[in-house]
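# Coordinate inspection notes
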Number of protein chains: 6
Amino acid sequence: MSQSARYEHGLAKFLEIYGEQAKRFLASMEEVSPDLKCYVVEFAFGDVHCRPGLSLKEREIATVAALTAMGTAVPQLRAHIHGALNVGCSQQEVVEVILQMALYAGFPAAINGLRAAREVFLERSK
Amino acid sequence: MSQSARYEHGLAKFLEIYGEQAKRFLASMEEVSPDLKCYVVEFAFGDVHCRPGLSLKEREIATVAALTAMGTAVPQLRAHIHGALNVGCSQQEVVEVILQMALYAGFPAAINGLRAAREVFLERSK
Amino acid sequence: MSQSARYEHGLAKFLEIYGEQAKRFLASMEEVSPDLKCYVVEFAFGDVHCRPGLSLKEREIATVAALTAMGTAVPQLRAHIHGALNVGCSQQEVVEVILQMALYAGFPAAINGLRAAREVFLERSK
Amino acid sequence: MSQSARYEHGLAKFLEIYGEQAKRFLASMEEVSPDLKCYVVEFAFGDVHCRPGLSLKEREIATVAALTAMGTAVPQLRAHIHGALNVGCSQQEVVEVILQMALYAGFPAAINGLRAAREVFLERSK
Amino acid sequence: MSQSARYEHGLAKFLEIYGEQAKRFLASMEEVSPDLKCYVVEFAFGDVHCRPGLSLKEREIATVAALTAMGTAVPQLRAHIHGALNVGCSQQEVVEVILQMALYAGFPAAINGLRAAREVFLERSK
Amino acid sequence: MSQSARYEHGLAKFLEIYGEQAKRFLASMEEVSPDLKCYVVEFAFGDVHCRPGLSLKEREIATVAALTAMGTAVPQLRAHIHGALNVGCSQQEVVEVILQMALYAGFPAAINGLRAAREVFLERSK
């Protein structure tokens, strides 16, 4: 696959996950680094998220869990909570994933993750 | 619910997830700390894993993702790869979850997680 | 012990540690997730903080040290600095615990932890 | 204070904490890097551990908590469990500190920390 | 070397790296903890940054990489991006170091690091 | 660029950095996951390490620093210490990078990193 085909492929997946938020997230990454935006679209979405073997919902569950446990990536956690809700997770399912992280990464990780989730839920209810 | 009912409840969930490996994992935790074993059974399995709202398969996907991303809990990652396979994940699904962590926690986390997965797959094929 | 006895037990310990701040901290967790608030009260305070074998002061020293070293839980670090001061640590003792983390988690962890401590000390002096 | 006075000062504190294990730990650091060994003795023990304001027991409680929560420094956790026991912590107190970390850093951190503690207790009982 | 000679030595190195920002950074650390400020100047700059064997530019590349990967020390990352630019790194070199961290610590670490870099670049262009 | 051109490009860079160790490292990744091996070669080496703006020596300094600070990726740290030495770092330069991490990630990270370096130096001296 050529690089531009990978970009198109990744962009389609990005739009499928983020819908109307896609433009905002892409503009935000473009502002930070156009090269990094390309790698995210081509590699993260074109190569990895297009792989068969897991549903998009399962991929977002995995990502929300990991970002909650790591605790160092709140803006990205917020984006992926949007993504999870966009590809079919209910709010309750997102809450369950984050709450479960109390077991593996401790209560502060779960509390901070749930706070991010509440903010996303509120933003989407407007 | 009384404390012993929580323990029974948690133990049943633990057995549902770990099957024949349950005895080995419980004995290993008992050896380390009987109190911690109780908290794991009562709280982690009796309270949290018994919650509705996510399938056991989704719960194990979340846990395998988080432990891979954290990179500090290889014995627990191995146990939860067993758990994921026991509750219905295919080997390919486990590989996909771990591989995706390259995006969020870096290639070393994914490589070390996949090495743990290969070892578990090998152990189960004997 | 029944679940409501564990809650009462944990709530009493929570009030013993946080005094007049308890209401604020509980309301903040309630807002994020009523279930998580219950687990924190029942498990973290009812089960773990009620254990014999360490004084509350020693438990808060351990927690302030850990949260400083982790660096991913500033709101919880602030709460436990309040807790440490409430159960008998002096401001100097809190500073010593955090400063020592420079050795084990690096200077940035200690600097960020001490900044949180200064803010808590200031808030309490009003 | 001159650099050699700091070294002497730190060495005395190191011997106070590690007793007969001191020679082994110093030789192990010397083998890895003589410069780093000097910094550990001068800065970590001569400057920081000689500070007033916390007892050695409280300093070791803080360190055992932090290293358990971080999960990336098992050899150092083992050394500081020895240190904690040498300066007056009981085995039960060490266990309580590590077990409490389940709340702040998750169950795997506590389980792996308690496993290290069991190994140290066994080594000392020989 | 006496303690005051170490301080002078470290202060000279600190000024060499931070130039006109030095006063601001020292005042900020003084406010948080005068003792910690001393340790940073004496140990981090007087002892470690004065060591031969690496250029200051290489030392800042190493630090910017580490702080980006850790993701828990944004104020210190910002300070060291200033430092890197002050000792001869171009903005492009700083961007390359941070972007490369996507491979080892994941995309969120690189994105958050690049956002900090953009803010520093903007501040310096005023 | 087509996907196979990216692979060829990345493989050439991989061979430039790892020389005679390249075959061993590629075989080890192939065994863990052929797909991940492809992503490492194409993305990490073909896309990122081929970027202009930093020398290979500076890229390896950044990577050794980050992996030392993270403390969760010892096999990868060992590989990149080999890489650093292969592209022109002296053993002393590698030691300086790792030792400096004591400031940002704590003494245990530096000690464990230096232990890995000693093992690599020994292996190469045979």
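Coordinates for the structure precede this section.
The rules behind each value
Residues numbered from 1 in each chain as written. Chains lettered and ligands numbered in written order. Predicted model: local features only at pLDDT ≥ 70, side-chain atom pairs only at ≥ 80, totals over all residues. Heavy atoms only, no water. Helix = DSSP H or I, 4+ residues; strand = E, 2+ residues; numbered from the N terminus. Rg over C-alpha atoms; globule rule 2.2 N^0.38 Å. Buried < 20%, exposed > 50% of the residue type's maximum accessible area, 1.4 Å probe, protein only. Contact = heavy atoms within 4.5 Å. Areas by Shrake-Rupley, 256 points an atom, 1.4 Å probe, with all protein chains shown as cover. Lys, Arg positive; Asp, Glu negative; His and termini not counted. Charge placed at Lys NZ, Arg CZ, Asp CG, Glu CD. Buried area = accessible area lost by both parts, 1.4 Å probe. Salt bridge = Lys/Arg side-chain N within 4 Å of Asp/Glu carboxyl O. Polar contact = N/O pair within 3.5 Å; in protein donor to acceptor, adjacent residues only side chain to side chain. Expected span 1.5 Å × (residues − 1). Nonpolar A, V, L, I, M, F, W, Y, C, P; charged D, E, K, R; others polar. Least-squares fit on C-alpha atoms with pLDDT ≥ 70 in both. Axes fitted to C-alpha atoms, helices over the stretch in contact; angles between N-to-C directions. Parallel < 35°, antiparallel > 145°, perpendicular 65-115°, else oblique. Phe/Tyr/Trp six-rings, centres within 6.5 Å; stacked < 30°, edge-to-face > 60°. Core = buried A, V, L, I, M, F, W, Y, C linked by side-chain atoms within 4.5 Å. Left-handed = near helix turned anticlockwise from the far one by under 90°.

The subject of this paragraph is the overall build of chain A. Per the secondary structure count, chain A includes 7 helices and 0 strands. Of the regular secondary structure in chain A, the N- to C-terminal order runs α-α-α-α-α-α-α. A compact globule built from 126 residues should have a C-alpha radius of gyration of about 14 Å, and chain A, at 15 Å, falls within 12% of that. Expressed as lengths along the three principal axes of its C-alpha atoms, the size of chain A is roughly 45 × 30 × 25 Å. A burial count over chain A gives 64% of its 126 residues as buried. Partitioning the intrachain contacts of chain A with sequence separation of at least 6 by distance along the chain shows that 64% fall at a separation of at least 24. On chain A, roughly 4,400 Å² of surface is accessible, and the fraction owed to carbon and sulfur atoms is 56%. Across chain A, 13 positive and 14 negative side-chain charges occur, with their mean positions spaced 4 Å apart.

On to the interface of chain B and chain A. Each partner contributes to the interface: chain B provides 31 residues, whereas chain A provides 31 residues. Carbon and sulfur atoms supply 67% of the area that chain B and chain A bury against each other, a total of about 2,700 Å² over both sides. Among the residues of chain B in contact with chain A, Glu96, Gln100 and Tyr104 of chain B are the three that bury the most area, contributing 22% of the side total. At the boundary of chain B and chain A, one finds 6 salt bridges. Salt-bridge contacts for Glu58 of chain A lead to Lys57 of chain B; the nearest nitrogen and oxygen are separated by 3.6 Å. In this structure, the connection of chain B to chain A is made through 10 residue pairs in polar contact (both at pLDDT 80 or more).

Helix length check: helix H7 (residues 107-125) of chain A (19 residues) gives 27 Å between terminal C-alpha atoms against 27 Å at 1.5 Å per residue, within 8%. By the burial criterion, the buried members of H7 of chain A are Phe107, Pro108, Ala109, Ala110, Ile111, Gly113, Leu114, Ala116, Ala117, Val120 and Phe121 of chain A.

Before going further, it helps to examine the interface of chain F and chain C. Listed as interface residues are 7 residues of chain F and, on the opposing side, 7 residues of chain C. With both chains or domains summed, chain F and chain C bury close to 450 Å², and 61% of this area falls on carbon and sulfur atoms. Taken together, the links from chain F to chain C amount to 0 salt bridges. Elements with a minimum of two residues in the side of chain F that touches chain C: helix H6 (91-105) and helix H7 (107-125) of chain F. When residues of the side of chain F that touches chain C are assigned to their parent elements, the largest contribution, 4 residues, is made by H6 of chain F. Of the residues assigned to the side of chain F that touches chain C, the class counts are 6 nonpolar, 1 polar and no charged.

Another aspect to go through is helix H4 (residues 56-70) of chain C. Owing to its 3.6 residues per turn, the α-helix aligns residues three or four sequence positions apart on the same side. Given a rise of 1.5 Å per residue, 15 residues ought to cover 21 Å, and the 21 Å separating the end C-alpha atoms of H4 of chain C matches this to within 8%. Backbone geometry just downstream of H4 of chain C places Gly71 of chain C in the positive-phi region, at approximately 75°.

For the match of chain F to chain C, the screw axis carries a shift of 0.0 Å, the RMSD comes to 0.0 Å, and the turn is 180°. Expressed as a symmetry operation, the mapping of one chain copy onto the other fits a two-fold axis. Of the C-alpha atoms belonging to chain F, the one lying closest to the rotation axis is found on Gly106 of chain F, 2.0 Å away. Same-surface contact between copies: 100% of interface residues of chain F are shared with the interface of chain C.

Turning to the packing of helix H3 (residues 34-48) of chain B against helix H3 (residues 34-48) of chain C, a few remarks are in order. Helix-helix packing is described using two parameters, namely the angle between the two axes and the distance between the axes. Packing of H3 of chain B against H3 of chain C leaves a shortest axis separation of 13 Å and a crossing angle of 170°. It follows from the interaxial angle that H3 of chain B and H3 of chain C lie roughly antiparallel. Side by side, H3 of chain B and H3 of chain C meet where Tyr39, Phe43, Asp47 and Val48 of chain B of the first sit next to Tyr39, Phe43, Asp47 and Val48 of chain C of the second. Here the residues of the contact of H3 of chain B with H3 of chain C sort into 6 nonpolar, no polar and 2 charged.

Attention shifts here to the packing of aromatic side chains. In this structure the tally under the stated criterion is 45 aromatic pairs over all chains. Pairing Phe14 of chain B with Tyr18 of chain B gives two aromatic rings, centres 4.9 Å apart and planes at 55°, and the pair type is tilted. Taken as a pair, Phe14 of chain B and Tyr18 of chain B lie in helix H1 (residues 3-18) at a separation of 4 residues, close to a single helical turn. Centroid distance Tyr18 of chain F to Phe45 of chain F: 6.2 Å. Interplanar angle 65°. Geometry classified as edge-to-face. Highlighted residues: Tyr18 of chain F in helix H1 (residues 3-18) and Phe45 of chain F in helix H3 (residues 34-48), separated in sequence by 27 residues. Overall, the relative accessible area of 3% leaves Tyr18 of chain F in the buried class. Put simply, the rings of Tyr39 and Phe43 of chain A, Phe107 of chain B, Phe107 of chain E together with Tyr39 and Phe43 of chain F pair up and form one aromatic cluster.

A general feature of soluble globular proteins is that nonpolar side chains tend to end up buried together. Within the largest apolar cluster, 326 residues are counted, with the highest numbers of intra-cluster contacts made by Ile81 of chain A, Ile81 of chain B, Ile81 of chain C, Ile81 of chain D, Ile81 of chain E together with Ile81 of chain F. For Ile81 of chain D, the residues in contact, after removing those within four places along its chain, are Val64, Val94, Ile98, Gly113, Ala116, Ala117, Val120 and Phe121 of chain D.

This part is about the pattern of salt bridges. Scanning the model with the defined rule gives 69 salt bridges over all chains in all. In this structure, Asp35 of chain C and Arg51 of chain B form a salt bridge, with 2.7 Å as the shortest nitrogen-oxygen distance. In this pair, Asp35 of chain C sits in helix H3 while Arg51 of chain B sits in the loop between H3 and helix H4 (56-70), so the two residues belong to two different chains. Among the residues examined, Arg51 of chain B registers a relative accessible area of 13% and is labelled buried. Here the residues in one salt-bridge network are Asp35 of chain A, Glu96 of chain E together with Arg51 and Arg59 of chain F, joined through shared partners.

With that settled, the discussion passes to the packing of H7 of chain A against H3 of chain C. H3 of chain C packs onto H7 of chain A with a crossing angle of 165° between their chain directions and a minimal axis gap of 11 Å. On the basis of their axis angle, the class for H7 of chain A and H3 of chain C is roughly antiparallel. Seen along the crossing, H7 of chain A lies across H3 of chain C with a hand that is left-handed. Along the contact surface, H7 of chain A presents Phe107, Ala110, Ile111 and Leu114 of chain A, while H3 of chain C presents Leu36, Tyr39, Val40, Phe43 and Ala44 of chain C.

A few words now on the side chain of Gln100 of chain B. Its place among the elements puts Gln100 of chain B in helix H6 (residues 91-105). A relative accessible area of 0% places Gln100 of chain B in the buried class. Setting aside chain neighbours within four positions, we find Gln100 of chain B in contact with Val48, His49, Arg59 and Thr63 of chain A.

Further remarks concern the side chain of Arg59 of chain D. Summarising the element assignment, Arg59 of chain D is placed in helix H4 (residues 56-70). Other than its neighbours up to four places away in sequence, Arg59 of chain D contacts Glu96 and Gln100 of chain C together with Val48, His49, Arg51, Pro52 and Leu54 of chain D.

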